[in-house]
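Structural overview for review
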Amino acid sequence: MSTAPRRIAIFGATSRIATEAARLWLARGVNLVLIARNAERLRMLDDDLVLRGGGLAEVNVVTADLGEPEALPALWTSLIERFPDLDAVLIAHGTLPNQRRCEADPEVMLEAMRVNALSAMALLTAIANDFEARGSGTIGVIGSVAGDRGRRNRYVYGAAKGMLALFLQGLRTRLHEKGVRVITIKPALVTTPMTQDFDRQGPLWSRPERVARGIVRAFGGRGNVVYLPWFWRPVTWAIHLIPEGIFKRLALAR
Ligand SMILES: NC(=O)c1ccc[n+]([C@@H]2O[C@H](COP(=O)([O-])OP(=O)(O)OC[C@H]3O[C@@H](n4cnc5c(N)ncnc54)[C@H](OP(=O)(O)O)[C@@H]3O)[C@@H](O)[C@H]2O)c1
């Protein structure tokens, strides 16, 4: 149950965090199937990986928009037919929606839910059935600490990640006796393109390389819910304990 993958499919592979994880896995000889929507950036990532670790393992790329949940089970079927030895999956794609636009326009809010929650859940439904039938496999999904408590300025993104976390919890419960691991990965403040408009000063910010090391470690370990870096677990727990009547008045809740 705690072995490192041999061939992993990475959805949203051009994400900064996923790219760093792909580099680490390649260095360990793990074969990679990289799925992302931007063909040019995917080609550049492929070139970069071949340059760094060509010969260590296979790198294959697949271009696909991951924002259409209905299309994703068929995408998974095509992947597993082409790469029947896929034994692990990392779902990394996501967007940080503009909260004000989500508040103003239900369509924008729904789109945020589709990309950040429903697309992963559609993929997971297909992947889970294949791994369950086989009796093995590791599934890792990047959620967020934002999914642990609703906040004024980020609750649409938080709700999507929270829904995903609950879905993964149930899936883990279903699959744990079937030889399939389900890992919920919860980073917090990471210096990636997603947070480029933030003021990224202070000790709570982490580099994507650090988070990627934690992800790769998690795939070889036994954890179920992994906070990255680790200190976010006690921080999030402490925040969780604040009563709602107080929390809604705090600057922390923004
Ligand atoms: N950065 C943080 O502070 C932080 C904290 C907690 C959790 N996370 C989560 O970590 C994961 C990785 O994000 P990141 O920080 O590495 O940011 P990032 O570099 O901006 O990566 C986001 C990725 O999602 C992809 N994506 C978005 N919509 C897509 C779609 N419809 N189809 C295919 N790909 C799509 C983007 O592709 P394009 O390049 O084509 O747009 C991009 O590669 C996300 O799930 C994010 O929610 C990040």
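A brief look at the structure comes next. (Residues numbered from 1 in each chain as written. Predicted model: local features only at pLDDT ≥ 70, side-chain atom pairs only at ≥ 80, totals over all residues. Heavy atoms only, no water.)

A large share of strand 2 (residues 31–36) lies buried, amounting to 6 of its 6 residues. Where strand 1 (residues 7–11) lies against strand 2, 5 bridges are found, and the strand directions are parallel. Residue pairing across strands places Ala9 opposite Val33, the latter belonging to strand 2. The parallel pair strand 1 and strand 2, bridged by helix 1 (residues 16–27), forms a crossover whose chirality is right-handed. The sheet contact formed by strand 2 and strand 3 (residues 59–63) spans 5 bridges and is parallel. Counterpart to Leu32 in the pairing with strand 3 is Val59. Assessed by its sense of winding, the connection that carries the chain from strand 2 through helix 2 (residues 39–53) to strand 3 is right-handed. (Buried < 20%, exposed > 50% of the residue type's maximum accessible area, 1.4 Å probe, protein only. Helix = DSSP H or I, 4+ residues; strand = E, 2+ residues; numbered from the N terminus. Pairing = 2+ DSSP bridges. Right-handed = clockwise from strand over helix to strand, strands pointing away.)

This part takes up the packing of helix 1 against helix 7 (residues 208–220). The geometry of helix 1 relative to helix 7 is characterised by a closest axis approach of 8 Å and an angle of 55° between their N-to-C directions. As the angle between them shows, helix 1 and helix 7 are arranged oblique. The two elements helix 1 and helix 7 cross, and the hand of that crossing is right-handed. Contacts between helix 1 and helix 7 involve Arg16, Ile17, Glu20, Ala21, Leu24 and Trp25 on the former and, on the latter, Pro208, Glu209, Val211, Ala212, Arg213, Ile215, Val216 and Phe219. Class assignment of the residues belonging to the contact of helix 1 with helix 7 gives a composition of 10 nonpolar, no polar and 4 charged. (Axes fitted to C-alpha atoms, helices over the stretch in contact; angles between N-to-C directions. Parallel < 35°, antiparallel > 145°, perpendicular 65-115°, else oblique. Left-handed = near helix turned anticlockwise from the far one by under 90°. Contact = heavy atoms within 4.5 Å. Nonpolar A, V, L, I, M, F, W, Y, C, P; charged D, E, K, R; others polar.)

Our next topic: the site of the ligand. Neighbouring residues of the ligand: 28 residues in total, closest Arg37, Arg41, Tyr157, Ala188 and Thr192. At 2.6 Å, a side-chain N or O of Tyr157 approaches an oxygen atom of the ligand. Lys161 places a side-chain nitrogen or oxygen 3.0 Å from an oxygen atom of the ligand. Bound to the protein, the ligand loses 92% of the 890 Å² it would expose on its own. For the shell around the ligand, the elements supplying multiple residues, two or more each, are helix 1 and helix 6 (155–175). Residue classes in the shell around the ligand are distributed as 12 nonpolar, 11 polar and 5 charged. (Near = heavy atom within 4 Å. Polar contact = N/O pair within 3.5 Å; in protein donor to acceptor, adjacent residues only side chain to side chain. Areas by Shrake-Rupley, 256 points an atom, 1.4 Å probe, with all protein chains shown as cover.)

This paragraph deals with the sheet that holds strand 1. What holds strands together in a sheet is hydrogen bonding between their backbones, with the strands either parallel or antiparallel. Read across the open sheet, the 7 strands follow the order 3-2-1-4-5-6-7; overall the sheet is parallel. Two strands lie at the open edges of the sheet, namely strand 3 and strand 7 (225–228), each paired on one side alone. Ignoring strand direction, the axes of neighbouring strands in this sheet form an average angle of 15°.

All of the buried residues along helix 3 (residues 72–82) are Leu72, Leu75, Trp76, Leu79 and Ile80. An end-on view of helix 3 places all buried positions within 130° of arc, on one side of the element. When the buried face of helix 3 is taken as reference, the exposed residues oriented beyond 90 degrees from it are Ala74 and Glu81. On the buried face of helix 3, the contacting elements are strand 1, strand 2, strand 3, strand 4 (88–91) and helix 5 (106–134). (Arc of directions from axis to C-beta.)

Membership of the largest hydrophobic core comes to 39 residues, with the highest contact counts inside it found for Phe11, Ile35, Trp76 and Leu79. Those elements that provide at least two residues to this core are strand 1, strand 2, helix 3, strand 4, helix 5, strand 5 (137–142), helix 6 and strand 6 (180–187). Sorting elements by how many residues they give to this core places helix 5 first, with 12 residues. Beyond its immediate stretch of four places on either side in the chain, Leu79 contacts Phe11, Val33, Ile35, Val62 and Leu86. In terms of nonpolar packing, the next biggest core, distinct from the first, is built from 33 residues, Leu32, Leu90, Ala92 and Val216 among them. (Core = buried A, V, L, I, M, F, W, Y, C linked by side-chain atoms within 4.5 Å.)

The tally for this structure, following the rule as stated, stands at 5 aromatic pairs. Ring geometry for Phe231 and Trp232: centres 5.7 Å apart, planes at 35°, overall tilted. Assigned by exposure class, Phe231 and Trp232 land together as buried. It is Arg149 that lies over the ring of Phe247; its NZ or CZ is 3.9 Å from the centre. (Phe/Tyr/Trp six-rings, centres within 6.5 Å; stacked < 30°, edge-to-face > 60°. Lys NZ or Arg CZ within 6 Å of the ring centre and 35° of its normal.)

Enumeration over the complete set of coordinates arrives at 18 salt bridges. Arg43 is the partner of Glu40 in a salt bridge, and the nearest nitrogen-oxygen pair spans 2.9 Å. Here Glu40 pairs with Arg43, and both are found in helix 2, just 3 residues apart, close to one helical turn. The class of Glu40 is partly exposed, set by a relative accessible area of 42%. What makes Arg43 partly exposed here is its relative accessible area of 41%. Salt-bridge contacts for Arg43 lead to Asp47; the nearest nitrogen and oxygen are separated by 2.9 Å. Taken as a pair, Arg43 and Asp47 lie in helix 2 at a separation of 4 residues, close to a single helical turn. Residue class for Asp47 comes out partly exposed when judged on its relative accessible area of 40%. Because the salt bridges share partners, they merge into one network encompassing Arg16, Glu20, Arg23, Asp48, Arg52, Arg207 and Glu209. (Salt bridge = Lys/Arg side-chain N within 4 Å of Asp/Glu carboxyl O.)

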